[in-house]
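Read off the chains here:
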Amino acid sequence: MSDSEDEKNDGAAPAPAAEGGEKKRVAKASAGDNIYSSAVFLTMENVLEKLKVLDYETTFCVKHHITPLARTSFALPAKNPSVQFKNFLDLVSWLCGEATGDPETFTVDQFDDPNVSVNKMMLALRNLGFSLDFPVTKLKQGHGEPTCNVLDFLVDKALATRGFQWQPPLHEDAPDLDEAEVDEAADIGDAIEDDIEDIEEEEAMFTEVAAPVAETEVEDQAAREMITGTIDALEWKTELERVGPRLKLPDSLMSKEWRAHIEQTKEHEKRIQATLPTAQGHMQSMSGQIKDAVEKMRSKEQSINNQFETIRQEYEASRGEMKVIEDKVSSTRTNVNDLTNNMNSIVEQLDELKDDMSSRENSATDTSPLIQIKQALQGIKGDVNAFELRIGVVSHTLMQAKLKSIKTKHRGTKPPKDADEDNMDFEDELEY
């Protein structure tokens, strides 16, 4: 574990191992209601650091084919809750095995219901001494403070089983690093200008003619008099608090004045003057080598061009012939496409003619219409016979009725002696 991680753990919350007695987790109501509570992230961060001590990347992640956990893996809900809950169960199962040395302490079956899996997990946690201070249903979410508390308890148990103990962090004394000269000069540019102005003022003071003694004594007497304050003490203090930090100059800049920068500039100039002749000689030799290489490349390029000039001309001629052949091929392809389209249209017309001829041949050799006509004629003949029979029956009934009416007429109008005449008249009427 790096020093930065140790410092972070010291600043956030120490993670001591569970030694001997049972460690009790108390879920606060405020943190349980809010999933973005800082306690959840702090617990998850401690769990992740302890898992790194257990080398979970190689012993757990590789075995279950999952990526290493993030600092908010079980503190916040994931996009896929089922995958998050499965990873939680697998991690709890692995930690139970690490804490007890028995991989069968808590096993996950892929066909188990989530409620069954949570109940089995709580049974294993009770056997390890975990005290439950929250509803069991919160573990089915796979995230939140209860989940992080369970993981924290199991990680502490696993570390205690391995005999791991947290040691105080070792901090190395970092050496004092000098700041970049250019940046320092840029930062204290205003201070350097102020120093230059002060020096110029001092020189001017030494070169000026001394003032009269009387004026000097008056000024000294005025300087020795007690100054009476006319500014409110509270306003003065407020202004001091506001301006004070800006008036402070860092200690690192006090020892680096503009004179030191001038000396450094002179030293750098001397080094440049000392190294410049050798550098120029190297650069001139390199430029000469580059010129020679360029001349060689040009001469080689010219010889290659002269050597392959005939091949280039043959290639250009072959390329022109290939273009002509490609044009012929394209024209031939268009002609073939046109002929193919014409052939397809002719084939379609031929198929239509074949269908028409086959339909006509079938209609010419088909005797079903004649059979239907004969059947219709026979039906008509049957209907005619039936109508004739009905006509005969009707005519017979009419004849009987006429006979009865005629007989009744003759019987009522004529005497019996003329019966023979009546019979003859009756026969004549029948014939009529």
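Residues numbered from 1 in each chain as written. Predicted model: local features only at pLDDT ≥ 70, side-chain atom pairs only at ≥ 80, totals over all residues. Heavy atoms only, no water.

K.L.:
Teacher, can you tell me more about the overall build of the protein chain here?
P.N.:
Tallying secondary structure elements over the protein chain gives 16 helices and zero strands in all. Taking all 432 residues of the protein chain together, the buried fraction comes to 19%. Looking at the protein chain alone, contacts between residues at least 24 apart form 69% of all its contacts between residues at least 6 apart. Accessible area for the protein chain stands at about 33200 Å²; split by element, carbon and sulfur atoms hold 56% of it. (Helix = DSSP H or I, 4+ residues; strand = E, 2+ residues; numbered from the N terminus. Buried < 20%, exposed > 50% of the residue type's maximum accessible area, 1.4 Å probe, protein only. Contact = heavy atoms within 4.5 Å. Areas by Shrake-Rupley, 256 points an atom, 1.4 Å probe, with all protein chains shown as cover.)

K.L.:
Would you explain a nonpolar patch on the surface in this entry?
P.N.:
A cluster of nonpolar residues, Leu370, Ile373, Leu377, Ile380 and Val384, forms a patch on the protein surface that exposes about 450 Å² of accessible area. Topologically, Val384 is positioned in helix α15 (residues 368-413). Judged by its relative accessible area of 36%, Val384 falls in the partly exposed class. (Patch = residues over 30% accessible without salt bridge, like charges linked within 9 Å, V, L, I, M, F, W, Y side chains within 5 Å. Salt bridge = Lys/Arg side-chain N within 4 Å of Asp/Glu carboxyl O.)

K.L.:
Before we go on, may I ask you to explain the packing of helix α3 (residues 38-53) against helix α7 (residues 145-162) in this structure?
P.N.:
Geometry of a packed helix pair, given as the angle between the helix axes and the separation of the axes. Between α3 and α7, the shortest axis-to-axis distance is 9 Å and the interhelical angle comes to 30°. Judged on the interaxial angle alone, α7 and α3 are roughly parallel. Handedness of the crossing formed by α3 with α7: left-handed. Here Val40, Thr43, Met44, Val47, Lys50, Leu51 and Val53 of α3 lie close against α7, whose contacting residues are Glu145, Cys148, Asn149, Leu151, Asp152, Val155, Asp156, Leu159 and Arg162. The residue inventory of the contact of α3 with α7, partitioned by class, reads nine nonpolar, two polar and five charged. (Axes fitted to C-alpha atoms, helices over the stretch in contact; angles between N-to-C directions. Parallel < 35°, antiparallel > 145°, perpendicular 65-115°, else oblique. Left-handed = near helix turned anticlockwise from the far one by under 90°. Nonpolar A, V, L, I, M, F, W, Y, C, P; charged D, E, K, R; others polar.)

K.L.:
How should I be thinking about unusual backbone geometry in this particular structure?
P.N.:
Trans peptide bonds make up the majority, and among non-glycine residues the majority have a negative phi. Although it is not a glycine, Asp55 sits at a positive phi angle of roughly 60°. Residue Asp55 is classed as partly exposed on the basis of its relative accessible area of 35%. Even without a glycine there, the phi angle at His65 is positive, about 60°. Summarising the element assignment, His65 is placed in the loop between α4 (56-64) and α5 (81-100).

K.L.:
When you look at the confidence of the model for the protein chain in this model, what are you seeing that I'm missing?
P.N.:
Regions with low pLDDT should not have their predicted coordinates read in detail. When pLDDT is averaged across the protein chain, the result is 76; 71% of the residues are at 70 or more. By mean pLDDT, the top-scoring element of the protein chain is helix α14 (residues 309-364) (91), and the lowest-scoring one is helix α2 (residues 29-33) (39). Segment residues 208-214 is flagged for pLDDT under 50; beyond a separation of four residues in sequence, or across chains, it makes one contact in the model. (pLDDT = per-residue confidence, 0-100.)

K.L.:
Any chance you could explain a negative patch on the surface here in plain terms?
P.N.:
A cluster of acidic side chains, namely Glu348, Asp351, Glu352 and Asp355, defines a negative patch on the protein surface. Along the chain, Glu348 falls in helix α14. (Lys, Arg positive; Asp, Glu negative; His and termini not counted. Charge placed at Lys NZ, Arg CZ, Asp CG, Glu CD.)

K.L.:
Explain helix α11 (residues 233-247) to me, please; I cannot follow it from the model alone.
P.N.:
Under the 1.5 Å per step criterion, the end-to-end length of α11 is 20 Å for 15 residues, consistent within 8% with the ideal 21 Å. Taking burial as the measure, the 15 residues of α11 include one buried ones, a minor fraction of the element. (Expected span 1.5 Å × (residues − 1).)

K.L.:
Looking at this model, I keep getting lost on helix α6 (residues 114-128). Mind explaining?
P.N.:
Count 3.6 residues to each turn of an α-helix, and residues three or four apart come out pointing the same way. Between its terminal C-alpha atoms α6 stretches 21 Å, which fits the 21 Å expected from 15 residues at 1.5 Å a residue. Its side-chain oxygen at 3.0 Å from the backbone nitrogen of Asn115, Asp113 defines the N-terminal cap of α6. Looking one or two places after α6, you find Gly129, whose phi comes out positive at around 100°. (Polar contact = N/O pair within 3.5 Å; in protein donor to acceptor, adjacent residues only side chain to side chain.)

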